[in-house]
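Examining the three-dimensional arrangement
Residues per chain, in single letters:
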Amino acid sequence: MTWLTRAGLARGRVTLLVMILVIALGAISYATFPKREDPALTVRTAIVTAANPGLRLEQLEELVALPLEEAARAIPGVDEVRTQLTDGTAILQVDIDNAVPKDDLKRIFDEIRDDIAALEGTLPEDTQGPRVNTDFGDVAIATIALTGEGFSLPELADAGEDLRDRLYAMDGIVSVDFYGVQQEVVTLQIDRARLAAIGTTLDPVLAAIQGQNVRLPSGSVVSGGARVPLETTGDLGSVAEIESLLIDLPDVGLLRLGDLFEVRREVEEPAAAPVFHNGAPAIVLSVEMAAGVDITTLGPELRALVEAFANERPVGFEAQFSTFQPDVVDESVDAAVLNMFQTFGVVLLVMMLFLGWRSALVVASIVPFAASFAFGLMGPFGVELQQVSIAAIIISLGLLVDNGVVIVEDMQRRIRDGADREAAALAAGGQYAVPLSIASTTTVAAFLPLFLLEGTEGEYGYSLGIVVMLMLLGSFLTALYLLPRLACWLLPKAAKAETGGVFNLLAAGYARLVRGVVRLPLLAAALVAGIVVAGVSLFPSVPQQLFPLSERPQFLAYIDMPRGTDIAETERVARDSSDWLSARQETANVTAYVGAGGPRFVLSLDPADTDPASAFMVINATDYAASERLLTAARAHARDAMPEAMVRLKRLAMGGREPGVDVEIAGPDADVLLAAAQTVRAAFADAPGLVQNRDDWGGKRIVGTVDVEQDRLRAYGLTSRDVAEGLAGFFDGSVIGTFRDGDDQIPIELRGAARYRTSIEALANAAIEADGEVLALDQLATLNPRLEFAQIRRVDQVRKVTVSAISDALTAYDLLDHVQADLDTLAQELGPAYAITIAGEIENASEVREKLSAGAPVAIAVILLALMMQFNSFRRVGVVLSSVPLVIAGVGPVLILTGQPLSFFGILGMIALAGIIINNAIVLIDQIDIERETQDLDEAIVAAARKRLRPILLTSMTTVLGLLPMALVGGALWEPMAILMMGGLGGAALLALIWVPAIYRLAFRRGRARAAALPA
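Residues numbered from 1 in each chain as written. Predicted model: local features only at pLDDT ≥ 70, side-chain atom pairs only at ≥ 80, totals over all residues. Heavy atoms only, no water.

Within the protein one finds 35 helices and 30 strands. Taken along the three principal axes of its C-alpha coordinates, the protein extends 130 × 80 × 55 Å. Burial analysis of the protein (1016 residues in total) assigns 55% to the buried set. Total accessible area computed for the protein in this model is approximately 41800 Å², and 56% of it derives from carbon and sulfur atoms. Distance between charge centroids for the protein: 14 Å, based on 79 positive and 124 negative side chains. (Helix = DSSP H or I, 4+ residues; strand = E, 2+ residues; numbered from the N terminus. Buried < 20%, exposed > 50% of the residue type's maximum accessible area, 1.4 Å probe, protein only. Areas by Shrake-Rupley, 256 points an atom, 1.4 Å probe, with all protein chains shown as cover. Lys, Arg positive; Asp, Glu negative; His and termini not counted. Charge placed at Lys NZ, Arg CZ, Asp CG, Glu CD.)

What follows deals with the sheet that holds strand β23 (residues 734-741). Strand order across the open sheet formed by four strands is β12-β7-β24-β23, with mixed pairing between neighbours. Where the open sheet ends on each side, the last strands, each with one partner, are β12 (261-267) and β23. On average, each strand axis in the sheet is inclined to that of its neighbour by 25 degrees, with strand direction left out of account. Two strands pair when backbone bridges link them, and strand β7 (residues 184-190) and β12 are joined in this way by seven bridges, in the antiparallel orientation. Within β12, the position partnered with Glu 184 by the bridge is Val 267. Helix α24 (residues 720-732) rests against β7, β23 and β24 (744-752) of the sheet, and its axis sits at about 110 degrees to β24. (Pairing = 2+ DSSP bridges. Axes fitted to C-alpha atoms, helices over the stretch in contact; angles between N-to-C directions. Contact = heavy atoms within 4.5 Å.)

Over the atoms rolls a probe the size of a water molecule, and in doing so it shows where empty space is left. According to the stated counting rule, one finds six cavities of 30 Å³ or more in the structure shown. What the largest cavity holds in volume is close to 90 Å³. The wall of the largest cavity is formed by Ala 557, Ile 559, Ser 577, Trp 580, Leu 581, Met 617, Ala 634, His 637, Ala 638, Met 642, Val 647 and Leu 649. Counting residues per element, the ones that place at least two in the lining of the largest cavity are β16 (554-560), α20 (567-582), α21 (624-641) and β19 (646-650). Of the residues that constitute the lining of the largest cavity, the class distribution is ten nonpolar, two polar and no charged. In this structure, the second largest cavity encloses a volume near 70 Å³. (1 Å grid on protein atoms, 1.4 Å probe; cavity = no way out; pocket = protein on both sides within 12 Å on 5 of 7 lines; lining within 4 Å. Points joined across faces, edges and corners; volume = space filled by probe spheres on them. Nonpolar A, V, L, I, M, F, W, Y, C, P; charged D, E, K, R; others polar.)

So, on to the layout of surface pockets. When its volume is computed, the second largest pocket comes out at roughly 1000 Å³. Taken together, 43 residues make up the lining of the second largest pocket; nearest its centre are Val 328, Glu 331, Ser 332, Glu 551 and Arg 552. No other element matches helix α11 (residues 325-355), which puts nine residues into the lining of the second largest pocket. Looking at side-chain class alone, the lining of the second largest pocket contains 20 nonpolar, 16 polar and seven charged residues.

This part covers the environment of Ala 839. Looking at where Ala 839 falls in the secondary structure, it is placed in strand β30 (residues 835-840). Looking at Ala 839, the relative accessible area reads 2%, which means it is buried. Sequence separation between Ala 839 and Pro 643 is 196 residues, and the spatial gap between their C-alpha atoms is 29 Å. If we ignore the near neighbours within four places in the chain, the residues touching Ala 839 are Val 661, Asp 662 and Glu 664.

The next point concerns a nonpolar patch on the surface. Residues Leu 349, Met 352, Trp 357 and Leu 361 make up a contiguous nonpolar surface patch of roughly 400 Å² in combined accessible area. Going through the elements one at a time, α11 and α12 (357-364) are the ones with two or more residues in the nonpolar patch. (Patch = residues over 30% accessible without salt bridge, like charges linked within 9 Å, V, L, I, M, F, W, Y side chains within 5 Å. Salt bridge = Lys/Arg side-chain N within 4 Å of Asp/Glu carboxyl O.)

Below, the discussion takes up the environment of Arg 876. Secondary-structure assignment places Arg 876 in helix α29 (residues 874-882). The spatial distance from the C-alpha of Arg 876 to the C-alpha of Tyr 1000 is 7.5 Å, given a sequence separation of 124 residues. Within the structure, Arg 876 has its side chain in polar contact with the side chain of Asp 929 (distance 2.8 Å). (Polar contact = N/O pair within 3.5 Å; in protein donor to acceptor, adjacent residues only side chain to side chain.)

Glancing now at the packing of aromatic side chains. When we look at a pair of aromatic rings, we describe it by the centre distance and by the angle of the planes. Per the stated rule, a full pass over the model turns up nine aromatic pairs. Relative to Phe 789, the ring of Trp 697 lies with its centre 5.8 Å away and its plane at 85 degrees, an arrangement referred to as edge-to-face. Of this pair, Trp 697 sits in the loop between β21 (690-695) and β22 (700-708) while Phe 789 sits in strand β27 (residues 781-789); the two residues are 92 residues apart in sequence, bridging distant segments of the chain. Taking the relative accessible area as the measure of exposure, Trp 697 reaches 0% and is therefore buried. Phe 789 sits in the buried class, given a relative accessible area of 6%. Aromatic pair Tyr 1000 and Phe 1004: ring centres 4.4 Å apart, planes at 25 degrees, arrangement stacked. (Phe/Tyr/Trp six-rings, centres within 6.5 Å; stacked < 30°, edge-to-face > 60°.)

Structural data, given as structure tokens:
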């Protein structure tokens, strides 16, 4: 590829224009880039819901869940069906296999809808649904809490609808969902004693309301040639009109409805998933963004719109952001750009120190050129600027400077030997074009498994692999096309060239060392191999953590009351907690979701249970340090003030799921599974730093069974269904009409007075109508309590309970070690009918490694082919590949010394290190082959090693020191990777200086001077 260097040198003004255009293209692309926190992922899960409150849990499992599961699993492309059974409702999560192409998902979702809908007529009577939802897993970029002193929830909901209309008018907003909305009702509360005293039943009341409160077509009349439709209406216009409605009672006469019932217009009871913001009732709007939209551009517009909306409202109304992802993305992007500039600065300083300021400017310029090249092409490849592509940029920064150092250092050497600058540039480009292209190819090939991943992982891996490829391609083209021209302009002539005295001394000492190596190559290789083995032996002691916890000034609270707790009691506990948190000076705001989880505002959010006994809270602190103090204080408060609740306080995870250990126990008997889950929880209980220890079944709860005396029922002309419907209406209410208020249609609900519905004792006095009189329930039946499972979980039609544990003091692997002996004992006790498996972060990490390994053969094949094209020699290829394990030598010690874990991005960092070491080996072997044209083998190895010492050390130093800022202040996500790369490269670069000469000497034995190196 000498033509590329020649073109850059021959047409200097064109080259200068290209430099300007590349930088301009990068700047414009960066400014207009779609930015978001995570890659836009394709949802591969459908939610199927069916309810039948009249069935016991075991009946629901057999009669409703099982047919739905069988239908879903029979559909080609379905990978797994997970089922939750609770409170008469079956919820199925149907996961599509990752191997299914993205374009086929709609077809499979349509097939799920059709096959599930076909079962509707075959399910037990009174089954509601099944319904299919494929909008599962959408992530909100912002959640907006609407509150107002003196404003009712319906008024806040009306304001929310106005805000929603404005949000939909914005470009880039695709969905706005509501949380905390409560249904308004008009209740007629039955006083059984008053009805009995008057001697009437509910029939006249129902007849009066249903007879008057109508709006019915009444034919039409022709007038003036036009036909005018007629409508008869008896709408009740207000609560006062309802109270004034006259009821004609036999033997009594006319009475006002308000004299028989207490009439109220209120929100439904019990509340349906209420929400509170800073302790006040709230309506929360979650806002979702379209794919391809720049969240950092949309964010300020969204904030301005919400602020303007709030300012238009009456005094007391507030619209506040509970979560706001644009700020998070801004910080991530700014950190990546800062790392890029820090790398540029470090490269510049190192080069200035060892090569002089002119050479430093030339080499360091490769960073902005390569980054601009990548920015300009990421868009056409469909890659946005988000957490994963930012990771790729940061990883690539350690690879960029290598090509520049090789070219510029070789030019300097040739200039010192007397060549003019253009001749030196052409010679350097001619010698290193192929080796650097092969080295870049092998590095990109090492990331090939990321391209080959399927499904969600593939969508993550694609953006990372593309960015690394573009950055390396930009680096290669810059090194061969732009840098030679830039070097000719800036590098000094031979007379003024820097001599690099320090490197001359190092090179002389290194030459003596290599002479010893080539005399005793086997011993030298054995010593290096021993160091590598020692490094590998330390890996079992290295802590492992796939993804760290977030460093946002934010944490989450999951409150689980005993199963069966009324939502009003859960609400009281959640509001007490919210009040305590809001009173702390560290707290910015608190949003509490009762009875259901809130919107998913990050991918790794663990959705809270949909259960009246559960609450979920998002706590925002003033800053990260404040959140640490607040989290510690909140844990102490929860232990002391909330003994009846299981409270989990934890930070968000930075990866695709939360860190921790999931122990899954599968088998036939539900009681055995529940007892086994308690055993596992007890084993986790004494683990240090435990912040979560729960199972997903939740034990058992009390259920009241009404045993009806059939003989008495028949005497009154009643059936068991009459009693069940009467009780349901008395306690939960039954709709008897509709109250129309403008555009709103509000149910009119008949139910028992509150004092008759608040205790088990009051149940005996529940009103049941029979043959013209009102009876108490205790005249017809007895109440017998029993225990029932709060919920049952199934996976692929097998019952399974999962115990989830998270520690902020132990990694997932250490936490598993803490309970492994107990799990082994439990497995023996349960026998072969039950299976215990480990899931959570450990399973996720194992799956990632397995999937990456599946693509390894393709990567290895490409690397072998590229190296063979370079060398046409099996032995030379073997020497290059043998240097790869050297990167492991320094990884274990540096991670143990610093206490950092081996993370997912750390694994990617090791792949990048392998690329750097392969690059060094290729260039060194290529130099040896050049020297062998005029010298014997030993002298050629020594001469080549001496010439390549300076670029290898410079490359290693610039990469290691360039990672230093990230290692010091990169945060939990980047510090482990940076430290790993610094330690791994520092050790591998030094070991390679001994290993490659020794292995090359062993592979080729002693040779004589020759005109051309013969491949072998």
